[in-house]
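# Structural overview for review
Residues per chain, in single letters:
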Amino acid sequence: MSFQLPAPVPGARIIGLGSTQPEHVVTNHDLALRVETNDQWIRDRVGIVERRIADKDTSLVDMAVEAGSRAVLDSGLAPTDIDTVIVATCTMTAPIPNAAAQTADRIGIKAPAAFDLNAACAGFCYALATGADLIRAGSAKNVLVIGSEKLSDWIDWDDRSTCIIFADGAGAAVVTGAQTPDEVGVGPVSWGSAGDMAPVIHILEDTTGKLFQEGQSVFRWATTKIAPVALDAIAKAGLTPADIDVLVPHQANLRIVEAVAKRLRKEGARDEMRVADDIIHSGNTSSASIPMALDHMRTAGTVRSGEIALLVGFGAGLSFAGQVVRVP
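Residues numbered from 1 in each chain as written. Predicted model: local features only at pLDDT ≥ 70, side-chain atom pairs only at ≥ 80, totals over all residues. Heavy atoms only, no water.

### Some remarks on the packing of helix α7 (residues 215-236) against helix α8 (residues 254-266)
The condition is simple: Every angle, taken between N-to-C directions, lies between 0 and 180 degrees, and every axis is a line fitted to C-alpha atoms, over only the stretch in contact when it is a helix. Helix numbering and strand numbering both begin at the N terminus, where a helix is a DSSP run of H or I of at least 4 residues and a strand a DSSP run of E of at least 2. By convention, the crossing between two helices is left-handed when the near helix turns anticlockwise from the far helix through less than a right angle, and right-handed when the turn is clockwise. Pairs of residues are marked as contacts when any of their non-hydrogen atoms sit within 4.5 Å. We call Asp, Glu, Lys and Arg charged. Ala, Val, Leu, Ile, Met, Phe, Trp, Tyr, Cys and Pro are nonpolar, and the rest, Gly among them, are polar.
α8 packs onto α7 with a crossing angle of 35° between their chain directions and a minimal axis gap of 9 Å. Crossing geometry of α7 relative to α8 is assigned as right-handed. Between α7 and α8, the contacting residues are Gln216, Phe219, Ala222, Thr223, Ile226, Ala227, Pro228, Ala230, Leu231 and Ile234 on the first element and Arg255, Ile256, Ala259, Val260, Arg263 and Leu264 on the second. Here the residues of the contact of α7 with α8 sort into twelve nonpolar, two polar and two charged.

Take a look at the structure:
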């Protein structure tokens, strides 16, 4: 007896993007009124000028719904065409019910496969790779991948080391099948984890329940370990650094972003390769940062349809991933 298996497709491609951010802007000067810091100190260390913070009545799911709805509209599909929803997040305040099922229902996607994925700052890349593989294997046809975070729920606003960095927002992409090899727009993933780094970034287990981070340890790890992941993702896609039009890394710290770009240029990337710097005005939004930055660049016209983008996620989840994608 043999099982009937769905017919696979050559791969997957992104056909829609969407994002959203809270309206409330918190500047470096605002933070200086609460903790011992100043605008120049924050700019020098993390490159952030301002960040968006959601109000207490706006949930992570609310932002996922907005970003996901915009991505579906951009894709040209109807909500009923989506059969799988993946929400990458590390900031749900309760694990049940999951964000994905709630988000899908509110968008109008009825009874899809729906699950949350927690790889923190690498979450969107993990979710995109999972969605693309589901499509390639024939288990899904159209996947809505969302990164949504409300980090403000987990921040100690009197802790200078974390309150200056993190913010809220959501970004999303619709992924569908590529019917021919030439249509493939999501490259193979290069991914892994670093569980030995657990002591340097975690949620405190005492009564505060807030995010703790050893910033210098994370910085040293990211600036030495992430560029090789990016280069491996390029190689797995059968490309070279010179083929990359735009680098869209997780927006963790502007100095880390610049270090990764510098290493890629040393390895052959073009000087004119554009680099996402969304962190300057958006802060670090963990799994939301990559799709949000890519959507912002497309809206601003600094990246165009058909160009090759390198996505690199890394950080708080002790996970990392890189992928090459074609911009929709």
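### Concerning the sheet that holds strand β1 (residues 11-20)
As a reminder of what qualifies: Two strands are counted as paired when DSSP detects at least two bridges linking them.
In spatial order, the strands read β1-β7-β6-β4-β5; together these five strands make up an open sheet with mixed pairing. Of all the strands in the sheet, just β1 and β5 (113-117) have a single pairing partner and so form its edges. Taken over all neighbouring pairs, the strand axes of this sheet differ in orientation by 20° on average, direction set aside. Sheet topology places strand β6 (residues 142-150) next to strand β7 (residues 168-178); nine bridges connect them, and they run antiparallel. Among the inter-strand pairings, Gly147 is bridged to a residue of β7, identified as Gly171. Lying over the sheet, helix α3 (residues 60-75) contacts β1, β6 and β7, oriented at roughly 125° with respect to β1. Packed on one face of the sheet, helix α5 (residues 123-137) meets β1, β4 (84-88), β5, β6 and β7 and runs near 160° to β4.

### Thoughts on the nonpolar core
For clarity, the threshold we go by: Here, nonpolar core means buried Ala, Val, Leu, Ile, Met, Phe, Trp, Tyr and Cys residues that are tied together by side-chain atoms lying within 4.5 Å of each other. To sort residues, take the accessible area from a 1.4 Å probe on protein chains only and compare it with the maximum for the residue type: under 20% means buried, over 50% means exposed, and anything in between is partly exposed.
Counting 49 residues, the largest nonpolar core has Trp221, Ile226, Leu247, Leu264, Leu310 and Phe314 as the members making the most contacts within it. Those elements that provide at least two residues to this core are α2 (39-46), α7, α8, α9 (279-282), β13 (308-314) and β14 (319-326). Per-element tally for this core: the top contributor is α7, with ten residues. Grouped together as the second largest cluster of nonpolar side chains are 37 residues, Ala122, Val143, Val246 and Met297 included.

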